[in-house]
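Understanding the architecture of this molecule
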Amino acid sequence: MVNPSPHSPSSEPTATVTPRPWSQRFEGSLHPAIARFNASIGFDIRLLPYDVAGSLAHVQMLAACGILTRPEADQIRQGLEQIQQEAAAGTFRPDPEAEDVHYAVERRLVALVGEVGKKLHTGRSRNDQVATDLRLYLRDHIDHLRQALWELRGVLLDLAEQHLETILPGYTHLQRAQPISLAHHLLAYEEMLWRDWQRLGRVREEVNVCPLGSGALAGTSLPIDRQLTAHLLGFERISANSLDAVSDRDYLVEFHTAASLILVHLSRLSEELVLWASQEFGFVVLTDACATGSSLMPQKKNPDVPELVRGKAGRVFGHLQALLVTLKGLPLAYNKDLQEDKEGLFDTVETLKACLEAMTILLREGIQFQPERMAAAVQEDFSNATDVADYLVRKGIPFRAAHDLVGQIVRICLAEGILLKDLPLERWKTFHPAFEEDIAAAIDPRQVVAARRSAGGTGFAVVREALQQAQARHQQPAPSEGTSQT
């Protein structure tokens, strides 16, 4: 006879009646497999410090409102502080029967302080409790992520300052278009990350709303002070509608959206670094600190970091889509579906944190730009063709006519296997008498870049001014908004 697998349904232990914290109206016990399926303690345990922080504020409010006596509140506070210490020491061991982090804390509290611990849950529900925990968690991590963005922007600014006058081909459609300053290219990404930093700040404002005291869906008949609770937890305001408060996950959607945009920007930069590190481009060389080799081909150096960042963007996008699909069909107020909001959130936070750290290290010490190769590249193409047209415009020739003429010149050069810089003045004049000796200087790549003096352009003087402006806003200390209660 074959023994059944210990995980097969036939081998499940016989259900026993175990009192459930959530209700005594049930006579039978929950099937063990359903209990495991129903539980969230395996992942929401990371909300522990925020759950305890929320409970400390809640019990202080209950005492201030006369709902708990001061001795009762002191006992509960001492128990919660011990749980904090156990969590910090790594010795907090949730009861196996705990369904989620909230019950785990409450059970441990009752074990520590006795029956008075059962008064902690007065005037609140797990519904407003988990909403509060999530907001505390996300507010805290948004601050860390904004700091990581701040550091990455600093690295980009340092590189831009080093490469203000390094020139390379600029691309559209992945075809060489016009020569640009490398600093200008790097500052484009700094602009993206600056927007990301600001966007996360706006999301933080939406997160910083206190739902505690909303109860399960309808508030409470007890004389609580929600404003006090919000103040103790560092929230800017309280939620206005109890139904909305316990079911609102808009702020999570907004965070996932902001995180997805950050990964879009990091992925675009990663794609360019992968291309630039190839032999075909050769614009950067990977250092040993951030590259790996092939198990088969000994000559290879693989750009693992940008490839992984590029790949991890997809999983973050997936969490956004999953949350939207979860929310789209839910009636008010709380539904168990909302348990699915956490694992994607935790993974997005950790993935984004890791990508920002890895990209910061990569840019700081994982790549070496190759200015000579970049400069040589702009000498090998027709990316100065627009400047020939601009030259003719300055001579009074309509741009469209100049554009058509330069197209014809490029076609002739391609047929003859030469570049614009190879044309002697006599040849230029056969195309149009407006060409003079200064045409050679006008199409020199460095002059082509320097001439782009329009606001926001790639001209060296303009880029220097843009760099100074970006450095000035970066000199302002990264704000430590709010004070974490954890």
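This is a predicted model, so every value here is computed, not measured.

With respect to the overall build of the protein
When helices and strands are counted, the protein shows 19 helices and six strands. Once the C-alpha set of the protein is aligned to its principal axes, its extents read approximately 100 × 65 × 40 Å. The burial tally for the protein puts 47% of its 486 residues in the buried class. Considering only residue pairs separated by 6 or more positions, the protein has 77% of its internal contacts joining residues 24 or more positions apart. Of the roughly 23800 Å² that the protein leaves accessible, carbon and sulfur atoms contribute 53%.

Some details on empty space enclosed by the protein
The tally for this structure, following the rule as stated, stands at two cavities of 30 Å³ or more. Each pocket or cavity is described by its volume, and for the second largest cavity that value is around 30 Å³. Forming the boundary of the second largest cavity are Y189, M192, L193, H265, L266 and L269. Listed by contribution, the elements that provide at least two residues to the lining of the second largest cavity are α7 (182-207) and α10 (250-276). Residue classes in the lining of the second largest cavity are distributed as five nonpolar, one polar and no charged.

Some points on the confidence of the model for the protein
Scored by pLDDT, the protein has a mean of 91; 91% of the residues are at 70 or more. Below a pLDDT of 50 lies the segment residues 1-18, which in the model reaches 16 contacts outside its immediate sequence neighbourhood of four places, other chains included.

Remarks on the pattern of salt bridges
One pass over the full model with this rule turns up 29 salt bridges. The partner of R77 in a salt bridge is E81, and the shortest N-O contact between them spans 3.3 Å. With R77 and E81 both in helix α4 (residues 70-89) and four residues apart, this pair spans about one turn of that helix. E115 is the partner of K118 in a salt bridge, and the nearest nitrogen-oxygen pair spans 3.1 Å. Judged by relative accessible area, which is 48%, K118 ranks as partly exposed. Each of E99, D100, R126 and K336 takes part in a single network of salt bridges with overlapping partners.

A closer look at the nonpolar core
F255 and L363 are the most contacted members of the largest nonpolar core, which has 103 residues in total. Here this core gets 15 residues from one element, more than from any other, and that element is helix α6 (residues 126-162). The contacts of F255, once residues within four sequence positions are left out, are L138, I142, L145, L200, V203, L345, T348 and V349. Listed in part, the 21 residues of the second largest apolar core include I397, C413, F435 and I443.

The rules behind each value
- Residues numbered from 1 in each chain as written.
- Predicted model: local features only at pLDDT ≥ 70, side-chain atom pairs only at ≥ 80, totals over all residues.
- Heavy atoms only, no water.
- Helix = DSSP H or I, 4+ residues; strand = E, 2+ residues; numbered from the N terminus.
- Buried < 20%, exposed > 50% of the residue type's maximum accessible area, 1.4 Å probe, protein only.
- Contact = heavy atoms within 4.5 Å.
- Areas by Shrake-Rupley, 256 points an atom, 1.4 Å probe, with all protein chains shown as cover.
- 1 Å grid on protein atoms, 1.4 Å probe; cavity = no way out; pocket = protein on both sides within 12 Å on 5 of 7 lines; lining within 4 Å.
- Points joined across faces, edges and corners; volume = space filled by probe spheres on them.
- Nonpolar A, V, L, I, M, F, W, Y, C, P; charged D, E, K, R; others polar.
- pLDDT = per-residue confidence, 0-100.
- Salt bridge = Lys/Arg side-chain N within 4 Å of Asp/Glu carboxyl O.
- Core = buried A, V, L, I, M, F, W, Y, C linked by side-chain atoms within 4.5 Å.

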